[in-house]
Amino acid sequence: MTIDGGSALELRRRIGDVYLGDEPPPGTSRATWLTTALAREPDNLEFHAMARDFLAVIVLYRRLAAALDAVEDAPTGLVLHGLLGHATAELVGATREPGWRAAALDLLDPDGKTQAPLDHDDAVRLFAFALGLDPDADGPSDATH
């Protein structure tokens, strides 16, 4: 997901509108850096790409926050909360790994395709793997159920 292009001035204006408006998202210092970089080097295509990418993350951040406010079931809320954390990390410059965006877009804009739910045993095994445990090790069976 990216934002349509524009001049350096247009990108600076759009970032400024977000951070000078009501309830700005996290990332004020990164926004300041980007607007300054675009002002100093308005023809730098890398800065243009970074600004468009930054604006796209802001859009996702706002959509995730709105979805989190409206969610009624806990599992979806936990997923939304985690994705919102990824968006926040990217806005403040703590990460540049955009892999979380595909999950966010799948959740916010489902394509209508659904998969059969995992059966209980497969879900327990995947959960154990996610925790770094060996699901095949002998141990108390009630710990995984």
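To keep things clear, this report deals only with the structure shown in the data block. (Residues numbered from 1 in each chain as written. Predicted model: local features only at pLDDT ≥ 70, side-chain atom pairs only at ≥ 80, totals over all residues. Heavy atoms only, no water.)

1. Some details on the side chain of T35
No. 1: Tracing the chain through its elements places T35 in helix α2 (residues 28-40).
No. 2: When neighbours within four sequence positions are excluded, T35 is seen to be in contact with R12 and I15. (Helix = DSSP H or I, 4+ residues; strand = E, 2+ residues; numbered from the N terminus. Contact = heavy atoms within 4.5 Å.)

2. Quick notes on the pattern of salt bridges
Note on pairing: side chains with opposite charge can pair once their charged atoms come close.
No. 1: According to the stated counting rule, one finds five salt bridges in the structure shown.
No. 2: Here E10 and R13 are joined by a salt bridge, their closest N and O atoms 2.6 Å apart. In this pair, E10 and R13 are both assigned in helix α1 (residues 8-20), three residues apart and thus about one turn of the helix distant.
No. 3: D109 is paired through a salt bridge with R63; the nearest N and O atoms lie 2.7 Å apart. Here R63 lies in helix α3 (residues 45-70) and D109 lies in the loop between α5 (99-108) and α6 (120-130), a separation of 46 residues in the sequence.
No. 4: You can call R63 partly exposed: its relative accessible area is 29%. (Salt bridge = Lys/Arg side-chain N within 4 Å of Asp/Glu carboxyl O. Buried < 20%, exposed > 50% of the residue type's maximum accessible area, 1.4 Å probe, protein only.)

3. Considering the nonpolar core
No. 1: Core analysis: the biggest nonpolar cluster contains 27 residues, and I15, Y19, F54, I58, L64, L91 and W100 have the highest contact counts within it.
No. 2: At the level of secondary structure, the elements contributing two or more residues to this core comprise α1, α2, α3, α4 (74-91) and α5.
No. 3: Looking at which element gives the most residues to this core, the answer is α3, with ten residues.
No. 4: Discounting chain neighbours no more than four positions away, the residues touching I15 are A31, L34, T35, A51, F54 and L55. (Core = buried A, V, L, I, M, F, W, Y, C linked by side-chain atoms within 4.5 Å.)

4. So, the packing of α3 against α4
No. 1: It is at 9 Å that the axes of α3 and α4 come closest, and there the two elements cross at 155 degrees. Classed by the angle they form, the pair α3 and α4 counts as roughly antiparallel. The interaxial crossing formed by α3 with α4 has left-handed handedness. Across the interface between the two elements, D53, F54, V57, I58, Y61, L64, A65, A67 and L68 from α3 touch G77, L80, H81, L83, L84, A87, T88, E90 and L91 from α4.
No. 2: Per-class residue counts for the contact of α3 with α4 are 13 nonpolar, three polar and two charged. (Axes fitted to C-alpha atoms, helices over the stretch in contact; angles between N-to-C directions. Parallel < 35°, antiparallel > 145°, perpendicular 65-115°, else oblique. Left-handed = near helix turned anticlockwise from the far one by under 90°. Nonpolar A, V, L, I, M, F, W, Y, C, P; charged D, E, K, R; others polar.)

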